[in-house]
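Listed here are the chains, written in short residue letters.
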Amino acid sequence: MIRPETPADYDAIYDFVKTAFETAKVSNDKEQDFVSQLRTSSGYLPEMALVAEQTDASGQSRIVGHMMLTKSEIVRDGGTPRETRFPTLLLAPLAVALGERCHGLGAELVRESFKRAKQAGFASILLVGDPAYYERFGFQRADQFDIHPTAKIPPQYVLIYALTPDALCGVSGVTTAF
Ligand SMILES: CC(C)(COP(=O)(O)OP(=O)(O)OC[C@H]1O[C@@H](n2cnc3c(N)ncnc32)[C@H](O)[C@@H]1OP(=O)(O)O)[C@@H](O)C(=O)NCCC(=O)NCCS
């Protein structure tokens, strides 16, 4: 079952994310703290912080997946009279329990987040991640749209997904997400 997280899940999510990223291809060992930071940020959207929960025959539940979408912005001509701010979402982090990987759960979480983001009227989703994983969902390099991070991140890892066909028409600038 995929559902939004609640405060009762926070401790379990912290441990879950920490353990999941111990076996990630890339990790800074701080993803569990990043989750806590995102929750206290102004961009936090409780209905878009999702857990995947599995319940066994005895009725015991455990978290087997977690991902967050938080509100962010793409800013064009920041600090000038022409400044334009485009709302977007940040997808981070995404994690699936080691024993449950490669069965499509990561994809289910991503697709559920797309559905919720569309319903809420958002235009796009940004992330820093492996294109080998995220291109299957339609994520594209953000620099194609002249969208760039403030941090020095190799451009092939900065990806964006348009939630509607014309969502990125006329959008460009610097992302404040990372
Ligand atoms: C990345 C992750 C969430 C994928 O979850 P999942 O439930 O296994 O994903 P799915 O079942 O939807 O997709 C599995 C496919 O993704 C591929 N894949 C998984 N992680 C990948 C990665 N980091 N880079 C490229 N491909 C990856 C698998 O090889 C598999 O490929 P296949 O469909 O060709 O067999 C999971 O591996 C995980 O939690 N990893 C540790 C945390 C992490 O690295 N998160 C950041 C993601 S960039």
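K.L.:
Whenever I open this one, the packing of aromatic side chains confuses me. Can you help?
P.N.:
We describe a pair of aromatic rings using the distance from one ring centre to the other and the angle between the two ring planes. By the definition in use, this model includes 8 aromatic pairs. Measuring from ring centre to ring centre gives 5.1 Å for Y133 and Y134, while their planes differ by 75°; the resulting arrangement is edge-to-face. By relative accessible area, Y133 is classed as partly exposed at 26%. Accessibility expressed as a relative area gives 11% for Y134, which makes it buried. Ring geometry for Y134 against F139: centres 5.7 Å apart, planes inclined by 75°, an arrangement best described as edge-to-face. For F139, a relative accessible area of 2% puts it in the buried group.

K.L.:
Just to check I follow, could you spell out the nonpolar core for this structure?
P.N.:
Ranked by internal contacts, the top residues of the largest apolar core, which has 53 residues, are L91, I125 and F139. Listed by contribution, the elements that provide at least two residues to this core are α1 (10–21), α2 (31–40), β2 (44–55), β3 (61–76), β4 (84–96), α3 (105–119), β5 (124–128) and β8 (158–162). If one sorts the elements of this core by residue count, β4 sits on top with 8 residues.

How each quantity is defined
- The numbering scheme is per chain: residues are counted from 1 as the chain's sequence reads.
- Under the rules for a predicted model, residues below a pLDDT of 70 receive no local features and side-chain atom pairs below 80 are neither given nor counted, while totals for whole chains, interfaces and linings still include all residues.
- In computing side-chain values, all of the structure's heavy atoms are included and hydrogens and water are not.
- Two rings from Phe, Tyr or Trp (for Trp, the six-membered ring) form a pair when their centres sit within 6.5 Å of each other. Planes less than 30 degrees apart are called stacked, planes more than 60 degrees apart edge-to-face, and all others tilted.
- When a residue's accessible area, from a 1.4 Å probe over protein chains only, is under 20% of the maximum for its type it is buried; when over 50% it is exposed; and in between it is partly exposed.
- The set of buried Ala, Val, Leu, Ile, Met, Phe, Trp, Tyr and Cys residues whose side-chain atoms join them within 4.5 Å is what this entry labels a nonpolar core.
- Numbering of helices and strands runs from the N terminus; a helix is a DSSP stretch of H or I covering at least four residues, while a strand is a stretch of E covering at least two.

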